[in-house]
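Descriptive analysis of the structure
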Amino acid sequence: MENRSLPEDLIRAHVFIAGIVQGVGFRYYTRGKAYQLGLNGWVKNLPDSRVEAVFEGEKTAVNKMVEWCYQGPRSAIVKNVNIEYEEVEGLQGFEITG
């Protein structure tokens with residue numbers, strides 16, 4: 001019988017990005033980068049001017065995505081990135097939720 005549990009090398013990063021990260025296409029570039037890396041999750045703007053995102057996928061790809069968040073798109077000015085690693089939920093696809 002096949003083992004249908006999630007592979008052990010999958011991780012989930014819950015990320016909060018602060019700085020000039022709204023109004024600069026951050027969510028759209030994040031979605032594009034996540035697709036490129038084969039990640040699942042979501043990204044949204046927060047009322048306090050931060051961007052919040054969740055990335056699930058292969059550990060190396062999630063780490064590359066988190067690294068990218070420190071820079072973001074060319075027009076962004078990232079001042080701070082907070083990362084919390086959580087249990088993988090098995091999200092499918094990547095969407096902009098807000």
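The structure we're discussing is the one just above.
My aim in this report is to walk through the structure given alongside it, one point at a time. Keep in mind the model is a prediction, meaning the values are calculated, not measured.

Scanning the chain from terminus to terminus reveals two helices and five strands. For 98 residues, the compact-globule estimate of 2.2 N^0.38 gives 13 Å, and the C-alpha radius of gyration of the chain, at 13 Å, lies within 12% of that figure. Along the longest, intermediate and shortest principal axes, the C-alpha atoms of the chain span 50 × 20 × 20 Å. Relative to its 98 residues, the chain shows a buried fraction of 39%. Taking contacts inside the chain between residues at least 6 apart in sequence as the whole, the part at least 24 apart equals 78%. With an accessible surface of roughly 6,100 Å², the chain has 47% of that area assigned to carbon and sulfur atoms. For the chain, the separation between the mean place of its 11 positive charges and that of its 13 negative charges on side chains is 10 Å.

Taken together, the five strands give an open sheet; going across it, the order is β4-β1-β3-β2-β5, and neighbouring strands pair in mixed fashion. Only two strands of the sheet have a single neighbouring strand rather than two, namely β4 (77-86) and β5 (94-96). When the angles between neighbouring strand axes are averaged without regard to direction, this sheet yields 15°. With eight bridges joining them, strand β1 (residues 10-20) and strand β3 (residues 51-58) adopt antiparallel strand pairing. Across the sheet, the residue bridging to A13 is F55, located in β3.

For the rest of this paragraph, the subject is the pairing of β3. β3 sits mainly inside the fold: seven of its eight residues count as buried. Where strand β2 (residues 40-45) hands over to β3, the hairpin turn is made up of five residues, of which S49 adopts a positive phi near 80°.

To continue, consider the packing of aromatic side chains. Per the counting criterion, the structure on display carries two aromatic pairs. Between the aromatic rings of F26 and W68, the centroid separation amounts to 5.5 Å while the plane-to-plane angle is 55°, which identifies the pairing as tilted. With F26 in helix α1 (residues 26-37) and W68 in helix α2 (residues 59-69), this residue pair connects regions lying 42 residues apart in the sequence. Between the aromatic rings of F55 and F94, the centroid separation amounts to 5.9 Å while the plane-to-plane angle is 10°, which identifies the pairing as stacked. Here F55 is found in strand β3, whereas its partner F94 is found in strand β5, with 39 residues between them in sequence. Residues F55 and F94 agree in their burial class; the two are buried.

The rules behind each value
- Residues numbered from 1 in each chain as written.
- Predicted model: local features only at pLDDT ≥ 70, side-chain atom pairs only at ≥ 80, totals over all residues.
- Heavy atoms only, no water.
- Helix = DSSP H or I, 4+ residues; strand = E, 2+ residues; numbered from the N terminus.
- Rg over C-alpha atoms; globule rule 2.2 N^0.38 Å.
- Buried < 20%, exposed > 50% of the residue type's maximum accessible area, 1.4 Å probe, protein only.
- Contact = heavy atoms within 4.5 Å.
- Areas by Shrake-Rupley, 256 points an atom, 1.4 Å probe, with all protein chains shown as cover.
- Lys, Arg positive; Asp, Glu negative; His and termini not counted.
- Charge placed at Lys NZ, Arg CZ, Asp CG, Glu CD.
- Pairing = 2+ DSSP bridges.
- Axes fitted to C-alpha atoms, helices over the stretch in contact; angles between N-to-C directions.
- Phe/Tyr/Trp six-rings, centres within 6.5 Å; stacked < 30°, edge-to-face > 60°.

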